[in-house]
Amino acid sequence: MPWSFSFLRKFSYASATFALFTACVSIQFGTVMMQFVDRVHCVFLKSLLTSPQFPISDAILARLGLKDYQYKCQIQIPPVEVQDDFGMRQLRQGCYCRMWDEMSANKTLITYMPLVAAQTLLVTGHHNFDTFSFAFSFQNIIDGMYATLPTLISFGVLVGKMAPAQNVVLAFMNVLFYAFNYWVCIYLIGAFDGTGGAVTTHVFGAFFGAACAAVATPEGAESDPDSQGRYQSEILSLFGSLMMWAYYPSYNSFYAPSTTQQTVAVNTYLALLGSSIAGLSASAIFNGNLKLTVFDAQRSCIAGGVAMGSVANLLATPWQATLIGACGGVVCSFSGHFIRLFCVERLGIHDTVGVMSMHGFPGLVGWLAGVFMLLPLNDDILKGDLQNNYLTYEVPWSAVLQHRNGNGDAAFYQAVIAPMTISIALVTGMIAGTIANKVTTIEKRYMYKDNTFFQVPEDFQTQEEHIADIHMQEEEDEGDEAFL
């Protein structure tokens, strides 16, 4: 992704280097924060056990020789999935969180109940029973890497307009609030966004960056001539887009259930094909002269993978995946030609890279596709004999949907997460932008220029010097022609 940011004519060094630096900071912080989400959720789940719906007197507890939570978990709350709804499953998880507390305080219990201990670690997300510990396993680092993507998406809105110290603030704040939004949407609401993160990753990152730009971007940044690309740097950026195009199926399929990973990878590939064709076709139409723009070539080819990054990826047939990708490509091109200008002229929000076109709106396409794909699911498909008739492969619904009563609840809660994510992203993005401005700012005359932060070669020129050289060369050519 850092390569795709390097299209600016005088900011290629800094855009790629600062993107890589921001990613390194985000990965380390994200590895810890995503584990911290599990800790926070356990605190929340344990608070549910104190609900008035589970009253118990001290006298009864003393007679039974049980603690408060032990009575609730062993007697009042079914220990197995007798009542298989989202609320009851959360209460059972809360019981395992309390059990982890007990085993952490008295590790002898682990030897008495090894199977319970193993299940406790699995449910709570811990790796051991140490009170203060964070693991750096392969899975945890992957979680941290996925938490980095919304930071890079937000970074794309602000390329060239923020100092390195501000980028560090952005990295920490983005990962922090991404983790918070992920906890709300996935843990509390119970939606599914694990095949690419169309909403929790792409939509959040785009709107967070836009909100941050609204308060942190110096006025007039969009009018700087160096905020545009040039031929050589656009080619390097296009190469970065091709790299993402090639790796996108593996990105979307990593968190998918094992029985659906091949389907997710194929559907993502078909969506990328659809977005590439439809996006470039739309580019020729929207451009007015039937010529393509490199902006659409760099972004619309990726938009299909973003649009296919929702729960729809698990259920789509080949033609549906291609159609969803094509819609993502058209929306990307449309927003790049029209909505991007509207944001600059009317809202004062300048998106340097165009991530709202590439991630924000295609992510909303994926969200809508996921909601519509979940609507037909009923109890027979989720639990009955029609499951194998609906799909040619097995989908472990218990590992995908936390709301699976078959009455439209899955689609309803999936529909909630986009408005929730946009609201959180806008508020937290403005907070991050305000804090970044308090740390430092960059003057307008230093924006989009590598020589502000790097030692540059002798042939490096500012845009003004380049234009002056062109004018001088034109005057010399005119003089030579007059002499001849």
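Details of the structure are given in the entry above.
Summarised in this report is the structure supplied together with it. Worth saying up front: this structure is predicted, and the values here are computed from it rather than measured. (Residues numbered from 1 in each chain as written. Predicted model: local features only at pLDDT ≥ 70, side-chain atom pairs only at ≥ 80, totals over all residues. Heavy atoms only, no water.)

Structural notes on the overall build of the chain
Looking only at helices and strands, the chain features 19 helices and zero strands. Taken over 484 residues, the chain has a buried fraction of 52%. Carbon together with sulfur atoms contributes 64% to the accessible area of the chain, which is approximately 22200 Å² in total. (Helix = DSSP H or I, 4+ residues; strand = E, 2+ residues; numbered from the N terminus. Buried < 20%, exposed > 50% of the residue type's maximum accessible area, 1.4 Å probe, protein only. Areas by Shrake-Rupley, 256 points an atom, 1.4 Å probe, with all protein chains shown as cover.)

Details of a nonpolar patch on the surface
A cluster of nonpolar side chains, contributed by Leu236, Phe239, Met243 and Tyr247, occupies part of the molecular surface with about 380 Å² of accessible area. Checked against the element boundaries, Leu236 lands in helix α10 (residues 231–253). On the basis of relative accessibility, which here comes to 37%, the residue Leu236 falls in the partly exposed class. (Patch = residues over 30% accessible without salt bridge, like charges linked within 9 Å, V, L, I, M, F, W, Y side chains within 5 Å. Salt bridge = Lys/Arg side-chain N within 4 Å of Asp/Glu carboxyl O.)

Focus on the state of the cysteines
Throughout this description, disulfide means a covalent bond between two cysteine sulfur atoms. Taken as a whole and assessed by the stated rule, the structure comprises one disulfide. Through a disulfide, Cys42 is tied to Cys97; the S-S separation comes to 2.0 Å. Here the S-S torsion is close to -70°, and the disulfide linking Cys42 with Cys97 is therefore left-handed. Of this pair, Cys42 sits in helix α1 (residues 12–48) while Cys97 sits in helix α4 (residues 86–105), placing them 55 residues apart in sequence. Taken as a pair, Cys42 and Cys97 share a single burial class, namely buried. Here Cys301 stays free of any disulfide, with the sulfur of Cys332 as its closest cysteine sulfur at 8.4 Å. (Disulfide = S-S within 2.5 Å.)

Thoughts on unusual backbone geometry
Positive phi outside glycine occurs at Leu290, with the angle close to 60°. Looking at the secondary structure, you find Leu290 in the loop between α11 (261–286) and α12 (294–307).

Overview of the nonpolar core
Looking at soluble globular proteins, one finds that nonpolar side chains tend to be buried together. Grouped together as the largest cluster of nonpolar side chains are 99 residues, with contacts concentrated most on Leu314, Leu315, Leu374, Leu377, Trp397 and Leu401. Per-element tally for this core: the top contributor is helix α8 (residues 164–188), with twelve residues. Of all hydrophobic cores here, the second largest spans six residues; its members include Trp100, Met103, Leu121 and Phe129. (Core = buried A, V, L, I, M, F, W, Y, C linked by side-chain atoms within 4.5 Å.)

Here's the deal with the environment of Arg299
By the secondary structure assignment, Arg299 is in helix α12. Along the chain, Arg299 and Val353 lie 54 residues apart, while their C-alpha atoms are 9.3 Å from each other. Only 2.6 Å separates the side chain of Arg299 from the side chain of Gln298, close enough to count as a polar contact. (Polar contact = N/O pair within 3.5 Å; in protein donor to acceptor, adjacent residues only side chain to side chain.)

Focus on the packing of aromatic side chains
If you walk through the whole model with that rule in mind, you get 21 aromatic pairs. Members of the aromatic cluster, joined through ring pairs, are Phe138, Tyr146, Tyr248, Tyr251, Phe254 and Tyr255. (Phe/Tyr/Trp six-rings, centres within 6.5 Å; stacked < 30°, edge-to-face > 60°.)

So, the pattern of salt bridges
Charged atoms that come close allow side chains of opposite charge to pair. As enumerated under the stated definition, the model contains one salt bridge in all. Among the salt bridges present, the one from Lys46 reaches Asp101, with a minimum N-O distance of 2.5 Å. Of this pair, Lys46 sits in helix α1 while Asp101 sits in helix α4; the two residues are 55 residues apart in sequence, bridging distant segments of the chain.

Digging into the packing of α11 against helix α13 (residues 318–347)
The N-to-C vectors of α11 and α13 enclose an angle of 35°; their axes lie 6 Å apart at closest approach. Viewed along their axes, α11 and α13 form a crossing whose handedness is right-handed. Contact with α11, carried on its side by Asn267, Leu270, Ala271, Gly274, Ser275, Ala278, Gly279, Ala282, Ser283 and Phe286, involves Pro318, Ala321, Thr322, Gly325, Ala326, Gly329, Val330, Ser333, Phe334, His337 and Phe338 of α13 and no other residues of that element. Classifying every residue of the contact of α11 with α13 by side-chain character gives eleven nonpolar, ten polar and no charged. (Axes fitted to C-alpha atoms, helices over the stretch in contact; angles between N-to-C directions. Left-handed = near helix turned anticlockwise from the far one by under 90°. Contact = heavy atoms within 4.5 Å. Nonpolar A, V, L, I, M, F, W, Y, C, P; charged D, E, K, R; others polar.)

Some remarks on the side chain of Ser357
Here Ser357 lies in helix α14 (residues 355–374). Here the side chain of Ser357 touches Ser335 through a polar contact of 3.1 Å, side chain to side chain. For Ser357, the side chain forms a polar contact with the main-chain nitrogen of Gly336, separated by 3.2 Å. Once residues lying within four places of it in the same chain are set aside, the contact partners of Ser357 are Phe295, Cys332, Ser335, Gly336 and Pro362.

Things to note about α13
The sharpest bend along α13 measures roughly 45° and falls at Ser335. Listed as buried for α13 are Ala321, Ile324, Gly325, Ala326, Gly328, Gly329, Cys332, Ser333, Ser335, Gly336, His337 and Cys343. Within two residues after α13, Gly348 carries a phi angle of roughly 70°, on the positive side. (Bend = angle between axes of the 7 residues up to and from the residue.)

Re the environment of Trp245
Position of Trp245 relative to the elements: it lies in helix α10. In this structure Trp245 comes out as partly exposed when scored by relative accessible area, which is 22%. Each C-alpha atom of the pair Trp245 and Ala303 lies 9.5 Å from the other, and the pair is 58 residues apart in sequence. Discounting residues that sit within four places of it in the chain, Trp245 has contacts with Tyr269, Leu272, Leu273, Ser276, Cys301 and Ile302. A distance of 3.3 Å separates a polar atom in the side chain of Trp245 from a polar atom in the side chain of Ser276.

Fair warning: the whole summary comes from geometry, so function is off the table for now.
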